[in-house]
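Geometric and topological summary
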There are 2 protein chains.
Amino acid sequence: MKRVKVSNNVIRRLPRYLRKLDELKASGVGRISSFNLGQQLGLTPSQIRQDFSCFGEFGQQGYGYNVKYLYEEIAKILGLHKQHNLILIGAGHLGQALANYVNFERRGFVLKGIFDIDTAIHGQKIRGIEIRPMEEIESFMRDHAIDIAVLTIPKAEAVKIADELVSFGIKAIWNFAHVDLDVPEDTVVENVHLSESLMRLSYNLANSSVTD
Amino acid sequence: MKRVKVSNNVIRRLPRYLRKLDELKASGVGRISSFNLGQQLGLTPSQIRQDFSCFGEFGQQGYGYNVKYLYEEIAKILGLHKQHNLILIGAGHLGQALANYVNFERRGFVLKGIFDIDTAIHGQKIRGIEIRPMEEIESFMRDHAIDIAVLTIPKAEAVKIADELVSFGIKAIWNFAHVDLDVPEDTVVENVHLSESLMRLSYNLANSSVTD
């Protein structure tokens, strides 16, 4: 497959394409033109063709895209054809919410273990998955071929735990702690900073009421 | 204040500046150069100066920025000098996690009411805030000057509820439902699509292991 350097904006749109194609598949649509797909996503047809051209050719000029084929190709580009094994670190409210979210598994993200510093909750289960002591992370990662760690712990702890995870060989961290992690370049970090999202909302609210 | 059209990338960086300045303030730093600030954020000095120039002048050439002043100005730009009143719709796991997150209040985002479709949990409280029936949203919004609704409900319900919220006069929706909301242009929507974030992580994981 032809691969050029793909911009963050394209990467950011790929999951949206996938979601839309999933909906189209579910409603029985077999083919779609870049024009129609664009309309449904608020993008121009040329934008869509340009995005897809980063990865090769998915459609034939004038015939549109085969929805099922395009869905599968984008899923592959996103690495969703493989199973990912996850551990969750921090069984507080947010950790529990994520552990209970079954839809991630539909996409191949399988939660294998939960870890927390609080001895009082060790042995308890969330959706059948046991909460374990932090000391067991290293051996658990080895035994269960863990590639992704979900960090839902306070920011004060997150940097230290991330360092440990890296030394244990973690490949990717889904970071909900409100801090920038300083990890080696080959460790993938995807941040979800909820308070930053709320601030962007606040910014847009403050500026939408300005008439200009 | 001079205002030019501000790009999404700049808006995206503002909360990061704020967080860093908050840390600098807390550790007693009074002034910082764009060079040092850039180093700590992985940005070039000229990038930083360019970002700030969208909003006016915050520093004096050669003297750097006054940390406290810059913090306050950015907080103002983000609309954080005003209190925002929130309602939360959907008291499932994620809703509960957000309702329990006290740090939002530090930034002026005050949760006033929680609503859920499940009659069995009406009257229960999360952090002292009562869970109420959906039918009370309209009057509650009026009585408590609500400007932001947090949507933590399944995607099937989200579109309909968003329409209702708009008709009740909501100004902004913080949307955790995995669906694009179709609201009027003057309603602000900030999406947090967790599964899209996880897919970007998966993409980067798939592509980081490629040696190129």
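Relevant structure appears above.
This report concerns the structure included in the present document. (Residues numbered from 1 in each chain as written. Chains lettered and ligands numbered in written order. Predicted model: local features only at pLDDT ≥ 70, side-chain atom pairs only at ≥ 80, totals over all residues. Heavy atoms only, no water.)

Considerations on the overall build of chain A
How we decide: We count a stretch as a helix when DSSP gives it H or I for four or more residues in a row; a strand needs E for two or more, and each element gets its number in order from the N terminus. Only the protein chains shown count as cover for residues, and the accessible areas themselves come from Shrake-Rupley with a 1.4 Å probe. Only four residue types enter the charge count, namely Lys and Arg as positive and Asp and Glu as negative; His and the chain termini do not. Here the site of a charge means atom NZ of a Lys, CZ of an Arg, CG of an Asp or CD of a Glu.
Scanning chain A from N- to C-terminus turns up nine helices and ten strands. In terms of overall dimensions, chain A has a C-alpha envelope of 60 × 50 × 35 Å along the principal axes. Looking at chain A as shown, the accessible area adds up to about 10,400 Å², and 47% of this sits on carbon and sulfur atoms. Between the averaged position of the 25 positive side-chain charges in chain A and that of its 25 negative side-chain charges there is a distance of 11 Å.

Focus: the packing of helix α1 (residues 8–26) of chain B against helix α4 (residues 67–77) of chain B
When two helices pack together, their arrangement is given by the angle between their axes and by how far apart the axes lie. All names here are of chain B. Our working definition: Inter-axis angles, ranging from 0 to 180 degrees, are taken between N-to-C directions of lines fitted to C-alpha atoms, where helices are fitted over the stretch in contact. Here is the rule for handedness: rotate from the far helix to the near one, and if that takes an anticlockwise turn smaller than a right angle the crossing is left-handed, while a clockwise turn gives right-handed. Residue contacts are counted whenever heavy atoms from the two residues lie within 4.5 Å of one another. Gly is placed with the polar residues, together with every amino acid not listed as nonpolar (Ala, Val, Leu, Ile, Met, Phe, Trp, Tyr, Cys and Pro) or charged (Asp, Glu, Lys and Arg).
It is the contact of α1 with α4, at a shortest axis distance of 9 Å, that shows an interaxial angle of 145 degrees. For the pair α1 and α4, the crossing hand works out as left-handed. Between α1 and α4, the residues in contact are Leu14, Tyr17, Leu18, Leu21, Asp22, Leu24 and Lys25 and Val67, Lys68, Leu70, Tyr71, Ile74, Ala75 and Ile77, respectively. Of the residues contributing to the contact of α1 with α4, the split by class is eleven nonpolar, no polar and three charged.

Some details on empty space enclosed by the protein
Rolled over the atoms, a probe sized like a water molecule indicates the empty space that remains. Residues and elements named next belong to chain B. As a reminder of what qualifies: Here a cavity means grid points, on a 1 Å grid over the protein atoms only, where a 1.4 Å probe fits yet cannot get out; a pocket means an open set of points with protein on both sides within 12 Å along at least five of seven lines; lining residues are those with an atom within 4 Å of a point. Grid points are joined across faces, edges and corners, and a volume is the space filled by probe spheres set on the points.
Taken as a whole and judged by the stated rule, the model has two cavities of 30 Å³ or more. As a volume, the largest cavity reaches approximately 110 Å³. Residue lining of the largest cavity: Leu86, Leu88, Leu98, Ala99, Tyr101, Phe104, Glu105, Phe109, Leu111, Arg127, Val150 and Trp174, and that is the complete set. Put simply, the parts of the chain that give the lining of the largest cavity at least two residues each are β4 (84–89), α5 (93–99), α6 (103–106) and β5 (109–116). For the lining of the largest cavity, a count of residues per class yields ten nonpolar, no polar and two charged.

A short note on the side chain of arginine 19 of chain A
What counts is decided by this rule: Burial classification: accessible surface area is computed with a 1.4 Å probe over protein chains only, and a residue below 20% of its type maximum counts as buried, one above 50% as exposed, and the rest as partly exposed.
Here arginine 19 of chain A shows up in helix α1 (residues 8–26). By relative accessible area, arginine 19 of chain A is classed as buried at 5%. Among all residues touching arginine 19 of chain A, those that are not within four sequence positions of it are His178, Val179, Asp180, His193 and Glu196 of chain B.

Describing the pattern of salt bridges
The condition that has to hold: A side-chain nitrogen of Lys or Arg and a carboxyl oxygen of Asp or Glu constitute a salt bridge if their distance falls within 4 Å.
On inspection of all chains with the given rule, the structure shows 26 salt bridges over all chains. A salt bridge links aspartate 180 of chain A to arginine 19 of chain B; the nearest nitrogen and oxygen atoms lie 3.5 Å apart. Taken together, the residues aspartate 180 of chain A in the loop between β9 (172–175) and β10 (188–191) and arginine 19 of chain B in helix α1 connect one chain to another. Residue aspartate 180 of chain A is classed as partly exposed on the basis of its relative accessible area, which comes to 31%. Salt-bridge contacts for glutamate 105 of chain B lead to arginine 127 of chain B; the nearest nitrogen and oxygen are separated by 3.2 Å.

Overview of the relation of the copies chain A and chain B
Applied cut-off: Copy-to-copy superposition: least squares on the C-alpha atoms, limited to residues that have pLDDT of at least 70 in both copies.
Expressed as a screw transformation, the operator carrying chain A onto chain B has a rotation angle of 180 degrees and an axial translation of 0.0 Å, and the superposed copies differ by an RMSD of 0.0 Å. As the rotation angle and translation indicate, the two copies are arranged about a two-fold axis. An overlap of 100% is found between the interface residues of chain A and their copies at the interface of chain B, pointing to a shared contact surface.

A short note on the interface of chain A and chain B
Formally: Summed over both partners, the accessible surface that disappears when two parts come together, traced with a 1.4 Å probe, is what is meant by buried area.
Counting residues at the interface gives 56 residues for chain A and 56 residues for chain B. In terms of surface lost to chain B, no three residues of chain A exceed Arg19, Met199 and Tyr203 of chain A, which account for 14% of the buried area on that side. Seen at the junction of chain A and chain B, the total is eight salt bridges. Glutamate 196 of chain B serves as the salt-bridge partner of arginine 19 of chain A, at 2.7 Å between the closest nitrogen and oxygen. Contributing elements (two or more residues each) for the side of chain A that touches chain B: α1, α5 (93–99), β9, β10 and α9 (194–208) of chain A. No other element matches α9 of chain A, which puts 15 residues into the side of chain A that touches chain B. Looking at the side of chain A that touches chain B residue by residue, the class counts come to 29 nonpolar, 13 polar and 14 charged.

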